[in-house]
Amino acid sequence: MKTTITPKQSSIVPLQEHIDRTSQELLASFPNTQQLSADERRGIIARYTAVLEGNFIYWMTAAYLAVASDEAHAIIRDNLLEEVRDNHPGMLRKFAIAANAVPTDVDALAVHRNLQNVRLFVAQLSAVKLLLMMAFFEGWITRFMPYLAELARCQGSAEREYTDVHGVCDVVHTQELFRALEGEMALTDDPLPPATQLLEGVERLRVLIRNIVYPAAGVGGLR
Ligand SMILES: [Fe+2]
């Protein structure tokens, strides 16, 4: 069967490229693990845990509530099922404990403002924008796993389950979320808003992720 590319499908390509570039640039901007002190390494793992442990499933659930297409619902449902059934938050907590990097109140406060900004965006329940943000999140997580595993190794931890699982499965998840996006876009004939608007969640999440690695970026203006 010959498949035809619709204008909407082809409009996903630049968004996908932007998201790909954004996560590559983020990783390239991170400090070399060998140059970090033990406390800096602990802080990155702890802030990563503070952001991911209690929020990932909630944000994916928000995407589930926001979408309207059967295709997107089915894809996100599978993703959520895996998260819950395989206890990914528990896996992450085990990883943080083994690396002596359980988040403290200081770690939580360092990312508080930028985390709130993402939550405010998620609360809008905007399907296409949320799917873009979650596709970016999954893609970035996969790429970040070797870095996170190396931080933990330098902390003397041999716990690998979380980083092993997420280095593999999230590649598929990212592709699936772009498929969900196509399903969602196919529901409407309305033209897409400009890319800057569509990528609002991606941008807020990018700032938060940078804050995980650079804690000073989140200081000030707590609300
Ligand atoms: Fe997960």
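Now for a description of the structure that goes with this document. (Residues numbered from 1 in each chain as written. Predicted model: local features only at pLDDT ≥ 70, side-chain atom pairs only at ≥ 80, totals over all residues.)

Before going further, it helps to spend a moment on unusual backbone geometry. Phi is positive for Asn100, which is not a glycine, with a value near 55°. Phi angles above zero are rare outside glycine, and Leu125 is one such case at about 50°. For Leu125, the location among the structural elements is in the loop between helix H6 (105–122) and helix H7 (127–154). (Helix = DSSP H or I, 4+ residues; strand = E, 2+ residues; numbered from the N terminus.)

Right, let's get into the environment of Asp39. When you line up the elements, Asp39 lands in helix H2 (residues 38–52). In this structure, the C-alpha to C-alpha distance between Asp39 and Ile212, residues 173 residues apart in sequence, is 14 Å.

Next up on the list: helix H3 (residues 56–66). Taken together, the buried positions of H3 are occupied by Phe56, Trp59, Met60, Ala62 and Ala63. Considered in projection along H3, the buried side chains sweep an arc of 150° and stay on one side of the axis. Turned more than 90 degrees off the buried face of H3, the exposed positions are Tyr58 and Leu65. Where H3 is buried, its residues contact H2, helix H4 (70–85), H6 and H7. (Buried ≥ 20, exposed ≤ 12 C-beta atoms within 10 Å, placed from the backbone. Arc of directions from axis to C-beta. Contact = placed C-beta atoms within 7 Å.)

Before going further, it helps to examine the packing of H3 against H4. Packing of H3 against H4 leaves a shortest axis separation of 9 Å and a crossing angle of 160°. Taken together, the axes of H3 and H4 lie roughly antiparallel to each other. As for the relative orientation of H3 and H4, their crossing is left-handed in sense. For the pair H3 and H4, the contacting residues are Phe56, Ile57, Met60, Thr61, Ala63 and Tyr64 in the first and His73, Ile76, Arg77, Asn79, Leu80, Glu83 and Val84 in the second. Across the contact of H3 with H4, the residue classes tally to eight nonpolar, three polar and two charged. (Axes fitted to C-alpha atoms, helices over the stretch in contact; angles between N-to-C directions. Parallel < 35°, antiparallel > 145°, perpendicular 65-115°, else oblique. Left-handed = near helix turned anticlockwise from the far one by under 90°. Nonpolar A, V, L, I, M, F, W, Y, C, P; charged D, E, K, R; others polar.)

As a packed pair, H2 and helix H10 (residues 200–213) sit with axes 7 Å apart at the nearest point and diverge in direction by 145°. Residues Ile44, Arg47, Tyr48 and Val51 of H2 pack against Leu208, Ile212 and Val213 of H10. Looking at the contact of H2 with H10 residue by residue, the classes come out as six nonpolar, no polar and one charged.

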